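Next come the chains, spelled out residue by residue.
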Amino acid sequence: MTQSKKILIADDEPNIVISLEFLMKREGFDVSIAGDGEEAIAKIRSDSPDLVLLDVMMPKKSGFDVCQEVKGDPALSATRILMLTAKGRDTEMAKGLALGADAYMTKPFSTKELVDRVHELLGLNA
Amino acid sequence: MRKALARQRLIACTLFAALAFNAPLLWLFDAAVAVFGVPLVFLFMFGIWAAVIAVLAWIVESGFR
Amino acid sequence: MLSSSVIVGASFAYLVVLFGVALYGDRRADAGRSLISNPWVYALSLAVYCTAWTYYGSVGRAATSGLGFLPVYLGPTLVMGVSWLVLLKMVRISKAYRITSIADFIASRYGKSRLLASMVTLVAVIGIVPYIALQLKAVSSEYGLLTGAHPGSSGDWYRDTALYMALVLAAFTMIFGTRHLDATERHEGMVAAIAFESIVKLIAFLAVGVVATYFIFDGWEDLFVRAAISPDLSSLLSLDVAGSKADWFALTVLSALAFLMLPRQFQIAVVENVDERHLKRATWLFPLYLLLINIFVLPIALGGMLRFPSDVIDPDSFVLTLPLAEGYSTLTLLAFIGGLSAATSMVIVETIALSTMVCNDLVMPLLLSSPRFRRWAPHDLTGLLLLIRRGAIVVILLLGYLYFRLAGQAYALVSIGLISFAAVVQFAPALLGGMYWRGATRNGAVAGLAAGFGVWLYTLLLPSFAKSGWLPMAFVESGVFGIELLMPEKLFGFGDVNATTHALFWSMFANIGAFVAVSLWRPPTAVEAGQASVFVDILKREPRGAARFWRGQAKIDDLLALLARFLGAERVRVNFSAYAHSQGVEQIEDLQADGDLVHFAETQLAGAIGSVSARVMIASVVQEETLGIEEVMNILDEASQVRAYSRELEEKSQALQAATEDLRAANERLQELDRVKDDFMSSVTHELRTPLTSIRAFSELLLDDPKIDLAERKRFLGIIVEETERLTRLVNQVLDLAKIESGHAQWHDTDVDLIDLIEHVATTAGQLVRNRQAELALVLPPAVTVLRVDRDRLIQVLTNLIGNAARFVPEHEGVVRVVLSESETGVRVDVCDNGPGIPQDAQGEIFEKFRQASGSGGKPTGTGLGLPISREIIEHFGGTLWVTSEPGHGAVFSFELPQKLAVSASEMGEPT
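Because the structure is predicted, anything quoted here is derived from the model rather than measured.

Enquirer: Any details on the overall build of chain C? Residues and values, ideally.
Expert: A tally of helices and strands in chain C yields 35 helices and 9 strands. The 912 residues of chain C split such that 55% are buried. Across chain C, the fraction of contacts at a sequence separation of at least 24, relative to all contacts at a separation of at least 6, is 80%.

Enquirer: Describe in detail the packing of helix α13 (residues 263-271) of chain C against helix α17 (residues 329-368) of chain C, supporting the description with residues and values.
Expert: All names here are of chain C. Relative orientation of the contacting elements α13 and α17 amounts to 90°, with a least axis distance of 8 Å. In this view, α13 runs roughly perpendicular relative to α17, as classed from their interaxial angle. When α13 is examined against α17, the residues Pro263, Arg264, Gln267 and Ile268 are found in contact with a partner set consisting of Met346, Val349, Glu350, Ile352, Ala353, Leu354 and Met357. Its residues assigned to classes, the contact of α13 with α17 comprises 8 nonpolar, 1 polar and 2 charged.

Enquirer: I'd like to hear about the interface of chain C and chain B, residue by residue, with values.
Expert: Interface size is often expressed as the accessible area that is lost when the parts come together. Facing the 35 residues of chain C at the interface are 30 residues of chain B. Here chain C meets chain B over a buried area of about 3,100 Å², counting both sides, of which 78% is carbon and sulfur. It is Trp84, Leu239 and Lys280 of chain C that lose the most area in chain C upon contact with chain B, and together they represent 21% of the buried surface on that side. Where chain C meets chain B, there are 1 salt bridge. A salt bridge links glutamate 61 of chain B to arginine 281 of chain C; the shortest N-O distance between them is 3.0 Å. Taken together, chain C and chain B are joined by 5 residue pairs in polar contact (both at pLDDT 80 or more). Mapped by element, the contributors of at least two residues to the side of chain C that touches chain B are α5 (71-81), α11 (219-229), α12 (245-261) and α14 (278-295) of chain C.

Enquirer: Outline the sheet that holds strand β9 (residues 891-898) of chain C, listing residues and values.
Expert: All names here are of chain C. In spatial order, the strands read β4-β6-β7-β9-β8; together these 5 strands make up an open sheet with mixed pairing. The strands lining the two open edges of the sheet, one partner per strand, are β4 (775-779) and β8 (880-885). Between one strand axis and the next, the sheet turns through 15° on average, direction left out of account. Relative to strand β6 (residues 815-822), β4 runs parallel, the two being bridged by 5 bridges. When the bridges of β6 are listed, valine 779 appears paired with valine 819. Of the strands in this sheet, β8 and β9 touch helix α34 (residues 866-876), which is tilted by about 130° from β8.

Enquirer: Help me get a handle on the confidence of the model for chain C, residues and values and all.
Expert: Residue and element names in this part refer to chain C. Of the residues in chain C, 89% have a pLDDT of 70 or more, and the chain-wide mean is 83. By mean pLDDT, the top-scoring element of chain C is α14 (94), and the lowest-scoring one is helix α35 (residues 905-909) (47). Within the model, the stretch residues 854-860 combines pLDDT values under 50 with 9 contacts to residues more than four positions away or in other chains. Taken together, the stretch residues 908-912 has pLDDT below 50 and engages in 3 contacts with residues farther than four places along the chain or on a different chain.

Enquirer: I'd love a proper account of the side chain of glutamine 604 of chain C, names of residues and values included.
Expert: Residue and element names in this part refer to chain C. Here glutamine 604 is to be found in helix α29 (residues 595-621). Judged by its relative accessible area of 3%, glutamine 604 falls in the buried class. Here the side chain of glutamine 604 touches asparagine 575 through a polar contact of 2.7 Å, side chain to side chain.

Enquirer: Just give me the short version of the packing of aromatic side chains, but keep the residues and values in it.
Expert: Residue and element names in this part refer to chain C. The final tally for this structure, using the stated rule, is 42 aromatic pairs over all chains. Aromatic side chains tyrosine 49 and phenylalanine 259 sit 5.5 Å apart centroid to centroid with 85° between the ring planes, which places their arrangement in the edge-to-face category. Here phenylalanine 259 lies in helix α12 and tyrosine 49 lies in the loop between α2 (39-46) and α3 (52-55), a separation of 210 residues in the sequence. Note on accessibility: tyrosine 49 and phenylalanine 259 belong to one class, buried. Taking the ring centre of tryptophan 747 as reference, the NZ or CZ of arginine 793 above it sits at 5.3 Å.

Enquirer: Lay out the interface of chain C and chain A with the relevant residues and their values.
Expert: In this complex, chain C contributes 24 residues to the contact, which on the side of chain A involves 21 residues. Carbon and sulfur atoms make up 58% of the surface buried where chain C meets chain A, a total of about 2,100 Å² over both sides. When the buried area of chain C at its contact with chain A is split by residue, His686, Arg689 and Thr693 of chain C rank highest and sum to 26% of it. Inspection of the region where chain C meets chain A yields 2 salt bridges.

Enquirer: An account of a nonpolar patch on the surface is requested, with residue identities and associated values reported.
Expert: Nonpolar side chains collect at one region of the surface, where Ile11 and Leu15 of chain B together with Leu85 and Tyr436 of chain C lie side by side and expose about 340 Å² of accessible area between them. Within the fold, tyrosine 436 of chain C resides in helix α22 (residues 428-436).

Enquirer: Go over the pattern of salt bridges, please, and point to the residues and values.
Expert: Counting across every chain of the model gives 28 salt bridges over all chains. Of the charged contacts in the structure, one is a salt bridge between arginine 726 of chain C and glutamate 13 of chain A, with a shortest N-O distance of 3.0 Å. Highlighted residues: arginine 726 of chain C in helix α31 (residues 710-742) and glutamate 13 of chain A in the loop between β1 (6-10) and α1 (14-26), drawn from two different chains. Each member of the pair, arginine 726 of chain C as well as glutamate 13 of chain A, carries the same accessibility label: buried. Lysine 43 of chain A is the partner of glutamate 39 of chain A in a salt bridge, and the nearest nitrogen-oxygen pair spans 3.5 Å. Residue glutamate 39 of chain A and its partner lysine 43 of chain A are both found in helix α2 (residues 37-47); the two are separated by 4 residues, about one turn of the helix. Exposure remark for glutamate 39 of chain A: the relative accessible area of 31% places this residue in the partly exposed category. One salt-bridge network, in which partners are shared between bridges, spans Arg45, Lys61, Glu69 and Asp73 of chain A.

Enquirer: Could you give me a rundown of the confidence of the model for chain B, with the residues and numbers involved?
Expert: Mean pLDDT over chain B: 86, with 92% of residues reaching 70 or higher. Strand β1 (residues 34-35) of chain B is the least confidently modelled element of chain B, averaging 82 in pLDDT, while helix α3 (residues 40-63) of chain B averages 90, the highest of any element.

Enquirer: Tell me about helix α10 (residues 188-216) of chain C, residues and numbers included.
Expert: The first and last C-alpha atoms of α10 of chain C sit 40 Å apart over 29 residues, in line with the 42 Å expected at 1.5 Å per residue. Among the 29 residues of α10 of chain C, 22 are classified as buried, and the element is accordingly described as predominantly covered.

Enquirer: Tell me about the nonpolar core, residues and numbers included.
Expert: If you look at the biggest cluster of nonpolar residues, it comprises 213 residues, and the most contacted ones within it are Trp49 of chain B together with Leu67, Met90, Trp248, Phe421 and Phe427 of chain C. Counting residues per element, this core draws most heavily on helix α8 (residues 114-147) of chain C, at 17 residues. When residues no more than four places from it in sequence are discounted, the contact partners of tryptophan 49 of chain B are Phe21 of chain B together with Leu70, Tyr73, Leu74, Thr77, Pro287, Leu290, Leu291 and Asn294 of chain C. Judged by nonpolar contacts, the second largest core, of 51 residues, contains Ile758, Phe847, Ile873 and Leu897 of chain C.

Enquirer: Explain the pairing of strand β3 (residues 51-55) of chain A to me, using residue names and the numbers behind them.
Expert: All names here are of chain A. Summarising burial for β3: 5 of the 5 residues are buried, a large majority. On β3, burial covers both faces: Leu51, Leu53 and Asp55 on one face and Val52 and Leu54 on the other are all buried. Taken together, the 4 bridges between β1 and β3 define a ladder with parallel strand orientation. Bridge pairing in β3 places leucine 8 opposite valine 52. Bridge count between β3 and strand β4 (residues 80-85): 5 bridges; the pairing is parallel. If you follow leucine 54 over to β4, its bridge partner there is methionine 83. With helix α3 (residues 63-71) bridging β3 and the parallel β4, this β-α-β connection has right-handed handedness.

Rules behind the numbers
- Residues numbered from 1 in each chain as written.
- Chains lettered and ligands numbered in written order.
- Predicted model: local features only at pLDDT ≥ 70, side-chain atom pairs only at ≥ 80, totals over all residues.
- Heavy atoms only, no water.
- Helix = DSSP H or I, 4+ residues; strand = E, 2+ residues; numbered from the N terminus.
- Buried < 20%, exposed > 50% of the residue type's maximum accessible area, 1.4 Å probe, protein only.
- Contact = heavy atoms within 4.5 Å.
- Axes fitted to C-alpha atoms, helices over the stretch in contact; angles between N-to-C directions.
- Parallel < 35°, antiparallel > 145°, perpendicular 65-115°, else oblique.
- Nonpolar A, V, L, I, M, F, W, Y, C, P; charged D, E, K, R; others polar.
- Buried area = accessible area lost by both parts, 1.4 Å probe.
- Salt bridge = Lys/Arg side-chain N within 4 Å of Asp/Glu carboxyl O.
- Polar contact = N/O pair within 3.5 Å; in protein donor to acceptor, adjacent residues only side chain to side chain.
- Pairing = 2+ DSSP bridges.
- pLDDT = per-residue confidence, 0-100.
- Phe/Tyr/Trp six-rings, centres within 6.5 Å; stacked < 30°, edge-to-face > 60°.
- Lys NZ or Arg CZ within 6 Å of the ring centre and 35° of its normal.
- Patch = residues over 30% accessible without salt bridge, like charges linked within 9 Å, V, L, I, M, F, W, Y side chains within 5 Å.
- Areas by Shrake-Rupley, 256 points an atom, 1.4 Å probe, with all protein chains shown as cover.
- Expected span 1.5 Å × (residues − 1).
- Core = buried A, V, L, I, M, F, W, Y, C linked by side-chain atoms within 4.5 Å.
- Right-handed = clockwise from strand over helix to strand, strands pointing away.

Below is the structure:
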């Protein structure tokens, strides 16, 4: 682990945030947290994280909106987005990917798979 | 729909003409009365005839599209 | 007097113009730009109905019977009014089966009967030839009148104008009536000429009428007033001399039927019809023509009677003599030309129609059935066919001339107009009956026609011969063998009407009687049944329907060779190629020799030689199986079932359209519901997955790393338990809601005192309030009505409402008040909090499933189903649950249960 990558966790479910935070910290990432869509945008702009774990169903601004805004802003184009949703429908997934999300996972997820995807997205796999 | 209606109108008009062109209706106008010198029955006969033709024309030219 | 050279010159010039018009019409047809494909031309050509008998004779009749001449034109007016009912059907049938004449039509209907075809032809010839003679006589005698020459019937035959007129007309008819031998080509030039003649005779007659009324006399009033004061003429202004009411009516019927049955009318209205839509305009235009050509008849008659001393001049010639006597010589010439046009148009069309019938329905069937002819006949029969037609034209015209020479001024010729009408009307039962009555048979038609013709002969034609001095008058005056009941004009003592009405009644009585009785004697044969359905159902069926009744084997080469003999090889190849293309086949040789093809060949042939001969010829080159009546009936049954279905469908299609609208609306509603359901499922999924996510994540974390420190481990396990509880609650509530909504919920109603109930809930749910260090206050009246409701469900509602309130009140200063009150309408509970309140636009939403107002502390912890369930419960009892709130001043959730739930006094005492 050469340099610790920054990860933003954006979710409105406190318990899920706790588990993700624990998981990411255990992998050695630098973790910050946002409880809703607007906060997520603000944190992305201020902290410029390498990766956002983005929940779709959030108050104030949905994950889709956040994704669209980030991907539409050239200054933030380096930010990877892994969308997480509890709605498992294909259309949701297609929509997320169409909006430019780099990966998409449905809840409940396997912690191991999630960690693998995060590594993959950050180009950390051997 | 309009065609069927026009056909019914044609039948009704023809039935009316058949009645008007015959006894007893026609004979009702067979009186020694003249309008502008023209006998009433002559006026009635050609008047009804012309009216029937006008109605027929109206029905087929407007309703049979 | 006009000089004969002027009249002959003018007449000749007129005929040259007529020739030019016909030639132009044919040229245009050949160039594919039909002159007559026009509703105006069609309506005008129908006016061939107005012959010299109309042109001269109407005035003559008006001079003796006032308006009595009119029914002859009222009848056709009525027929045109319902032309789509009768004429349209005749046109459709004739087009579909290439019918060439009225004889062909009737014979074709009754199984292509040769006997019937020849009978109809003979009756038509006998009935019509004298009528042609009448036209020749009219022109000849008017010519004589104008030039002072002898009437044609008494001079040398070679100096007779009528003969030359007959010969000129024969030439004209041959040129424009027999140019081709294929029914796809009508006689366009001839029809154009007839329409032109109709204009000429109308203009000429109107011109005479206008001059007589407004120039010779001083307008309508002058004429009618003068007539009214004349003792001889005043009766003409009333219906007194017009014949009895029965005669008037009979004449209307007679002319209506004759208008359909006269061979020339059938030729023009049916055979020469280019486009059945032309019938539409003719519906009113032709009656208008009749009205115009009749409006001046009475004025001219009155004018003539007033102008000339009685009995000096034949009223029939007033049209000419009135302008002549007043010095209008040009008008006189025009009037003569008008009369000539009326006569020539009738003669031309009638001759074409009769010659076609004689050739196709009399001569050809005879020839074709003769084995000697078959051996002897040339291979190409087109020349022979044309020869027969042209021969027939000459013979018919010469017969007409001969009758004119023989009869002269005899009664038999003068009165032929209506006698002729009565003859052709004998076709009406067989023709009209055959178009509408399936049960009509060939034998019925033969019997009816024979009986009707016999009666016509006895009651009308023979008496007219007697009155002409050709037969002894004795049988007319005292009956055959002196039997009075058999007096031809007073048959069985019926003598209150004129001779025409008398003859019409008895001949129709015999005709229809025999037709119906014999038809009902035996069921139709297979062929008759097939043709009957083809004719009766023409408006409902594809024209090729007749092909269904054919079974057998045929070779295309045989058919081609046969048709080539009658139509010419080139034309046949062209027609068959077109047919092949319409069937989607490249080569004629690739065509299937099936019923359709045989039927096509037969109709092609029928167009040239008539359906009877065509049937004979086709049968000679193909091997046919005779269809039994059973088979025909089966085919017909299928067809009628299909028709019944289609009619039903038609009726239903309207209902369907309405239903479709309803369905669309319903579908939209369903889709809306579906979307809601979808949303619900999606929401449930989301709500289930969220706690599962936490549970799985923490379980995996604990599993991966057993060395997590104890505090952390305890915290994680706590979360797992908490989320499991949330999951359980959610599952329970979803099931609960589903049960209530579907009506499967169990309701245990007992007598409930709400004061007790609220106090009970306060102790259990109060804990939720106290957890937030808030206060729970109860405001209860001393007593309320006891209600019969489900206690547990009400506890559920109250617990939910108090729990919600507790979640939203501020910590430490929170107050939740429960107020119970009673009114006339019901018992009401208000749960009030001092939380943030709910914005106006969110107040409806919070009762929707999975919609939660954001609480004071971020994410609400409820499932989003509490309020919807509570509302369902209250509504189950007929009550209402609502919220009132002003943001910043807390919210009040209220429900009211109606008084009707009250336990009545009598029930109170009884055990439950």
